[in-house]
Amino acid sequence: MPELWRLPVADPVLIFAIVLLVILVAPLLCGRLRLPGLVGLIIAGMLIGPHGAGILARDATIRLLGTVGLLYIMFMAGLEIDLLQFMRRKRDSAVFGIATFVLPFACGMLVGLWIVPLPLIAAVLFASMFSSHTLVTYPIVSRLGLQKSRAVVAAIGGTILTDTAAMLVLAVIAALAKGHAGTVFWLRLTAGSALFVVVMAALVPRAARWFLRHAAHDETIEYVFVLAVVFAASCGAALAGLEPIIGAFAAGLALNALVPENSALMQRAKFVGDALFIPFFLLSVGMLIDLPRMVGDPHSIVIALAMAAAVLAGKWLAGLAARIWLRYTSPESMLLFGLSVNQAAATLAAVIVGFDLGLFNETVVSGTIVMILVSCIAGA
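My aim in this report is to walk through the structure given alongside it, one point at a time. Everything numeric here is computed off the predicted structure, so don't read it as measured data.

## Here we look at unusual backbone geometry
At the junction of V116 and P117, the peptide bond is cis and its omega measures out at -25° in the coordinates. Its identity as a non-glycine residue notwithstanding, R327 has a phi of 60°, on the positive side. Secondary-structure assignment places R327 in the loop between helix 14 (298–326) and helix 15 (330–340).

## So, the packing of helix 5 (residues 90–115) against helix 6 (residues 120–131)
Viewed as axis vectors pointing N to C, helix 5 and helix 6 meet at an angle of 135°, and their least axial separation amounts to 7 Å. Viewed along their axes, helix 5 and helix 6 adopt a mutual orientation that is oblique. Remark: the crossing between helix 5 and helix 6 carries right-handed chirality. Listed contacts from helix 6 to T100, F101, P104, F105, G108, M109, V111, G112 and L113 of helix 5 are L120, A123, V124, F126, A127, S128, F130 and S131.

## Points about the pattern of salt bridges
Here the structure, examined in full by the defined rule, presents two salt bridges. Residues E219 and R268 are paired through a salt bridge, measuring 2.5 Å at the closest nitrogen-oxygen approach. Taken together, the residues span a long stretch of sequence, with E219 in helix 10 (residues 219–239) and R268 in helix 12 (residues 264–286) at a distance of 49 residues. What makes E219 partly exposed here is its relative accessible area of 43%. On the basis of relative accessible area, R268 is assigned to the partly exposed category, the value being 23%.

## Topic: the environment of F360
Along the polypeptide, F360 turns up in the loop between helix 16 (345–356) and helix 17 (362–379). Separated by 235 residues in the primary sequence, F360 and L125 have C-alpha atoms spaced 9.6 Å apart. Residues contacting F360, with those up to four places away along its chain left out, are L118, A122, L125, F126, M129, A350, V351, G354 and F355.

How each quantity is defined
- Residues numbered from 1 in each chain as written.
- Predicted model: local features only at pLDDT ≥ 70, side-chain atom pairs only at ≥ 80, totals over all residues.
- Heavy atoms only, no water.
- Helix = DSSP H or I, 4+ residues; strand = E, 2+ residues; numbered from the N terminus.
- Axes fitted to C-alpha atoms, helices over the stretch in contact; angles between N-to-C directions.
- Parallel < 35°, antiparallel > 145°, perpendicular 65-115°, else oblique.
- Left-handed = near helix turned anticlockwise from the far one by under 90°.
- Contact = heavy atoms within 4.5 Å.
- Salt bridge = Lys/Arg side-chain N within 4 Å of Asp/Glu carboxyl O.
- Buried < 20%, exposed > 50% of the residue type's maximum accessible area, 1.4 Å probe, protein only.

In structure tokens, the structure reads:
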């Protein structure tokens with residue numbers, strides 16, 4: 001019995017019980033403080049994680065469920081987008097996508113070259129982390145019924161452009177660092193991406209339509225099929241040389257017309273994501289934050305503050321550019337900022353790859369985690 005309570009907790013039943021208790025309590029406390037529940041979950045992950053009280057370790061189980069939650073966020077964003085309005089607003093998506101990539105990239109280059117500082121190739125990868133964003137606050141927008149507004153449609157369309165561009169930068173820099181960026185690499189990336197697009201745009205919708213009409217005999221089978229498509233698409237994106245989050249988003253787009261907004265299948269998908277998968281992701285992000293180490297290293301604090309300021313400034317400037325160029329209102333501009341400032345998925349992928357390749361040190365990793373926390377609080 002004493003071994004059950006040894007820290008970090010190793011018993012799977014107790015781990016799951018603790019996580020469910022945190023998922024229950026943290027949003028309630030945040031509600032009292034008028035803060036979004038996702039902020040509470042990130043802070044809770046920091047407090048109970050390996051760099052806090054040490055109650056839970058960020059083990060394989062937490063990482064697995066966190067990855068599932070991340071893919072689920074991207075899937076729901078693709079599933080809920082109004083494609084007709086998206087096509088009408090494709091100019092808005094293109095303008096905002098370019099602005100929200102270029103302006104934060106420039107801010108990241110300044111920090112990477114002058115404050116960290118980093119060599120040019122590492123600084124390019126570093127700057128790409130500021131350009132990408134994760135739709136962490138999308139569940140809030142969805143609950144408020146704003147998912148069909150033109151600002152939200154532009155933000156989601158911009159996500160496709162900026163995250164794809166950031167992931168391409170990651171793939172190219174990784175290949176350059178390994179000395180593999182030759183003709184074979186470019187042919188493989190181009191061919192793999194083209195094949196992936198064809199499969200997701202032409203084959204998956206037809207196969208899904210046939211299955212949901214003729215082979216799915218109950219609601220459980222329908223939902224399991226949808227999950228299978230999400231993770232198969234994520235694996236397909238990885239095989240094509242793209243990030244799995246792009247595959248999850250593409251799966252949402254492929255199934256968009258087959259899962260009506262008010263259908264039981266859509267409600268089930270939202271419920272499972274909000275109740276389990278997405279909270280696990282937010283907790284896993286919080287567990288990465290090592291505040292004691294940062295407090296003991298003044299240079300780490302300077303870098304972390306500079307990174308947080310750069311991403312806030314870059315994404316705010318992108319929203320301002322969209323307001324001026326597209327004639328958006330001030331609330332719409334801030335809604336763009338709130339959706340696009342959040343750093344998580346592609347940012348984590350880039351910093352982990354950069355660290356593994358020796359392009360980044362632990363100071364950059366710690367600063368990135370603080371940037372993620374600050375950006376998610378600001379976006380929410």
